[in-house]
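Summary of structural features
Chain by chain, the residues:
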Amino acid sequence: MVGLKEELLKSIWHAFTALDLDRSGKVSKSQLKASGAARPRDVLSHNLCTVLNVPHDPVALEEHFRDDDEGPVSNQGYMPYLNKFILEKVQGNFDKVEFNRMCWTLCAKKNLSKSALLISDEDAFKVWVIFNFLSEDKYPLIIVPEEIEYLLKKLTEAMGAGWQQEQFDHYKIALNTSREGLSAWELIDLIGSGQFSKGMDRQTVSMAINEVFNELILDVLKQGYMLKKGHKRKNWTERWFVLKPNIISYYISEDLKDKKGDIILDGNCCVEALPDKDGKKCLFLIKCLDKSFEISASDKKKKQEWIQAIQTTVNLLRVGSPPPHKEARQKRKELRQKLLAEQEELERQMKELQMANENKQKELETVRKQLEAAAARAAEEEKKRLQTQVELQDRFSLELEREKLVRQKMEEQVARKSSELEQYLQRVRELEEMYKQLQEALEDEKQARQDEETVRKLQARLLEEESAKRAELEKWHLQQQQTIQMTEAEKQELENQRMIKEQALQVAMQQLEQLELERKEALEQYEEVKKKLEMAANNTKSWKDKVAHHEGLIRLIEPGSKSPHLITNWGPAAFTEAELEQRQKSWKGKKATSE
């Protein structure tokens, strides 16, 4: 509640400092009677109670200011009442924008520049609210150059333009020479003048201011259109989603007029990617304790951005950390306080050394006066010695020697003091050199913060690419697992077929071996028949020779046949044509078997 109270006080400070007060801090009676208006404290209190949802107690207000009919609207008179009867009763259940707009209405007309600005009154209001968020916690409120640079960088990034660091450095140098920072109205004039948004139209600047306002003031971490699956009808509907530190709200459109529901986030929530299904792509699931929500993004990049943003929000809720922009603001303030403390400590040491140097100067001046006094005394003694030279020759010689010893000691003391003074001066010069080195180190640290910011953005982009690649690899891994399972089933089936074929092969081998044995037996029979044929052929040849020799004298007597006989060169054949074809088939079969 302390942080909320500080934020409220900044806006209220603008409101009551804009009221018409006299030099004593009180509204004059003549003004009230002439205008017939209500007292400023009553108007301000009533408006604050209305927008902060706090019950208004006019009796308590009158009791608090009973000693003065008009009552002071100042830090001394009004602030105790404000803390006791209003701010301590604030519960946080109020509209921050409406509260700021009420305070803006009270102070804008008097303080807002009358010159033409490149931004509208609504944009000026948003810049004023951002100023209250980034300003220092001391009054009168100002925004330091570091926070001005941060805000201008955010606006330039939102406009899609390049940051002009050299231009801002010149502006910062000119600003530091005249003051510590800018007021809210000077900041509005700076942004409205277009000095750091040259080349950008009014609409682009307005959109950039609105984007930074949503992030820093309304705590909008991410927003955009996505499809949401219904819980009852199971249909997909396009909604405008808005992510905040502990809730996701979704609306019909981006004008935020018709809210359709909320997704309450806590440390137990989680978000995970889903595979494409039902014709929807880029799916992810938000799991809460009571229900889950299926969301479809427009593309893979948006899907990954939303998953990362929601997961980061849940992680912050688990550890109890504030939103990133508030944590960054607190770190910047702590860093400025640390640097300020170091600078004050260095100034304190410089003052101590300066005081020590002045003390040494005083001591040396005292010694010099002592030496002058001693010299004067010596001159007087010398005069006395000249007057009494005859009488006191021996005595004066002793006194002169003693004076010489004293002078020598004094000179040695002066030399020693001078040496110490030189050492102190050398120490002062070393401290001045250390101060210059510290200034250079501060400049290096600022450059390192800028380099760190650039590296952080590069790391964020690399993390996004790595996440996309990891998702793609996980998808490939799932496909590979499915392929391996299918391959294992096919492998098992092929193994069964191989076993069957091996068994068939063994049977075929046995049959082949049996056929081989039969072929060998047939071959042996063929050899025997071949030998018999050769013997028969030899016998036939000898017989044919004899027949040829006695042809015409002898003719063999052969049995008759009904079918015609073949005629050879030696006469009718001993077998028919059918018998010849049958023998040819038998020979061919045996030949094929033997081969």
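Keep in mind it's a predicted model, so treat the numbers as computed, not measured.

1. Quick look at the overall build of the protein chain
- Counting secondary structure elements, the protein chain contains 15 helices and nine strands.
- Put simply, the protein chain shows about 40,400 Å² of open surface, and 53% of that area lies on carbon and sulfur atoms.

2. Brief notes about a negative patch on the surface
- A surface patch of negative charge is lined by Glu-166, Asp-169, Glu-433, Glu-440, Glu-443 and Asp-444.
- Of all the secondary-structure elements, those providing two or more residues to the negative patch are α9 (165-176) and α14 (393-549).
- One can find Asp-169 in helix α9.
- Look at Asp-169 and you get partly exposed, because its relative accessible area is 33%.

3. Some thoughts on the side chain of Asp-219
- Summarising the element assignment, Asp-219 is placed in the loop between α11 (202-216) and β1 (222-229).
- Asp-219 sits in the buried class, given a relative accessible area of 12%.
- Here Asp-219 is in contact with Asn-214, Leu-243, Lys-244, Pro-245, His-325 and Lys-326, once residues within four sequence places are set aside.

4. Overview of the nonpolar core
- Membership of the largest hydrophobic core comes to 68 residues, with the highest contact counts inside it found for Trp-128 and Ile-188.
- With nine residues, helix α7 (residues 121-134) is the largest single contributor of residues to this core.
- Excluding its chain neighbours within four sequence positions, the residues that come into contact with Ile-188 are Trp-104, Leu-112, Leu-117, Ile-119, Ala-124, Val-127 and Trp-128.
- Listed in part, the 20 residues of the second largest apolar core include Ile-263, Cys-288, Ile-307 and Val-314.

5. Quick look at the pattern of salt bridges
- Scanning all chains against the criterion turns up 29 salt bridges.
- For Arg-348, the salt bridge identified is with Glu-352, shortest N-O distance 2.3 Å. With Arg-348 and Glu-352 both in helix α13 (residues 324-387), this residue pair falls four residues apart, about one helical turn.
- Across the pair Arg-456 and Glu-453 runs a salt bridge whose closest N-O atoms are separated by 2.7 Å. Of this pair, Arg-456 and Glu-453 both sit in helix α14, three residues apart, which is roughly one turn of the helix.

6. Some remarks on the sheet that holds strand β4 (residues 259-264)
- Read from one edge to the other, the open sheet built from seven strands follows the order β4-β3-β2-β1-β7-β6-β5, with strand pairing classed as antiparallel. Each edge of the sheet is formed by a strand with only one pairing partner; in this case those strands are β4 and β5 (270-274). Averaged over neighbouring strand pairs, the angle between their axes works out to 35 degrees when direction is ignored.
- Of the strand pairs in this sheet, β5 and strand β6 (residues 283-287) are connected by five bridges, and their pairing is antiparallel. Each bridged residue has a counterpart across the sheet, and for Glu-272 the counterpart in β6 is Leu-285.

7. Quick look at the packing of aromatic side chains
- The tally for this structure, following the rule as stated, stands at 15 aromatic pairs.
- The interplanar angle of 20 degrees and the centroid separation of 6.4 Å between the aromatic rings of Trp-163 and Phe-196 together place this pair among those described as stacked. A residue pair is termed long-range when its members are at least 10 positions apart, and Trp-163 in the loop between α8 (145-159) and α9 and Phe-196 in the loop between α10 (184-192) and α11 qualify at 33 residues.
- Judged by its relative accessible area of 24%, Trp-163 is partly exposed.
- Lying over the aromatic face of Phe-125, Arg-101 brings its terminal NZ or CZ to 4.3 Å of the ring centre.
- The aromatic ring of Tyr-150 is capped on one face by Arg-332, whose charged end is 3.7 Å from the ring centroid.

8. Observations concerning α10
- Across the nine residues of α10, seven count as buried, placing the element largely inside the fold.
- Along α10, the positions that sit buried rather than exposed are Ala-184, Trp-185, Leu-187, Ile-188, Leu-190, Ile-191 and Gly-192.
- Directly after α10, the chain includes Gly-194, whose backbone phi takes a positive value near 75 degrees.

9. Section: the packing of α8 against α10
- Remark: α8 packs on α10, axes separated minimally by 12 Å, with the N-to-C direction vectors making an angle of 35 degrees. Of the two possible hands of crossing, α8 and α10 adopt the one that is right-handed. Along its contact with α8, which presents Ile-148, Leu-151, Leu-152 and Leu-155, the element α10 presents Leu-187, Leu-190 and Ile-191.
- For the contact of α8 with α10, a count of residues per class yields seven nonpolar, no polar and no charged.

10. What to know about α9
- Along its 12 residues, α9 runs 16 Å from first to last C-alpha, staying within 8% of the 16 Å computed at 1.5 Å per residue.
- Of the positions making up α9, those classed as buried are Phe-168, Tyr-171, Lys-172 and Leu-175. An end-on view of α9 places all buried positions within 105 degrees of arc, on one side of the element. Turned more than 90 degrees from where α9 packs its buried face, Glu-166, His-170 and Ile-173 sit exposed.

11. Comments concerning the environment of Val-144
- As for its position among the elements, Val-144 is in the loop between α7 and α8.
- On the accessibility criterion, Val-144 (12% relative accessible area) is buried.
- C-alpha of Val-144 to C-alpha of Arg-179: the two residues are 35 residues apart in sequence and 9.5 Å apart in space.

12. Points about unusual backbone geometry
- Here the amide bond leading from Tyr-139 into Pro-140 is cis, since omega sits at -5 degrees, within 30 degrees of zero.
- By the secondary structure assignment, Pro-140 is in the loop between α7 and α8.
- The backbone phi angle of Asp-219 is positive, close to 60 degrees, even though this residue is not glycine.
- Despite not being glycine, Cys-282 has its phi angle at roughly 55 degrees, a positive value.
- Structurally, Cys-282 can be placed in the loop between β5 and β6.

13. Focus on the environment of Ser-467
- In this structure, Ser-467 sits in helix α14.
- A sequence separation of 163 residues divides Ser-467 from Gln-304, and the C-alpha atoms of the two residues are 7.6 Å apart.

14. A word on the pairing of strand β7 (residues 292-296)
- Among the five residues in β7, four count as buried, and that is most of the element.
- Inspection of the sheet shows β1 paired to β7 by two bridges, in the antiparallel sense. By the bridge assignment, Leu-227 is partnered in β7 with Ser-296.
- Across five bridges, the pairing between β6 and β7 is antiparallel. Residue pairing in the sheet places Lys-287 in a bridge with Ser-292 of β7.
- Taken together, β6 and the strand that follows it, β7, pair antiparallel across an intervening segment of four residues.

Quick notes on the rules
- Residues numbered from 1 in each chain as written.
- Predicted model: local features only at pLDDT ≥ 70, side-chain atom pairs only at ≥ 80, totals over all residues.
- Heavy atoms only, no water.
- Helix = DSSP H or I, 4+ residues; strand = E, 2+ residues; numbered from the N terminus.
- Areas by Shrake-Rupley, 256 points an atom, 1.4 Å probe, with all protein chains shown as cover.
- Patch = residues over 30% accessible without salt bridge, like charges linked within 9 Å, V, L, I, M, F, W, Y side chains within 5 Å.
- Salt bridge = Lys/Arg side-chain N within 4 Å of Asp/Glu carboxyl O.
- Lys, Arg positive; Asp, Glu negative; His and termini not counted.
- Charge placed at Lys NZ, Arg CZ, Asp CG, Glu CD.
- Buried < 20%, exposed > 50% of the residue type's maximum accessible area, 1.4 Å probe, protein only.
- Contact = heavy atoms within 4.5 Å.
- Core = buried A, V, L, I, M, F, W, Y, C linked by side-chain atoms within 4.5 Å.
- Pairing = 2+ DSSP bridges.
- Axes fitted to C-alpha atoms, helices over the stretch in contact; angles between N-to-C directions.
- Phe/Tyr/Trp six-rings, centres within 6.5 Å; stacked < 30°, edge-to-face > 60°.
- Lys NZ or Arg CZ within 6 Å of the ring centre and 35° of its normal.
- Left-handed = near helix turned anticlockwise from the far one by under 90°.
- Nonpolar A, V, L, I, M, F, W, Y, C, P; charged D, E, K, R; others polar.
- Expected span 1.5 Å × (residues − 1).
- Arc of directions from axis to C-beta.

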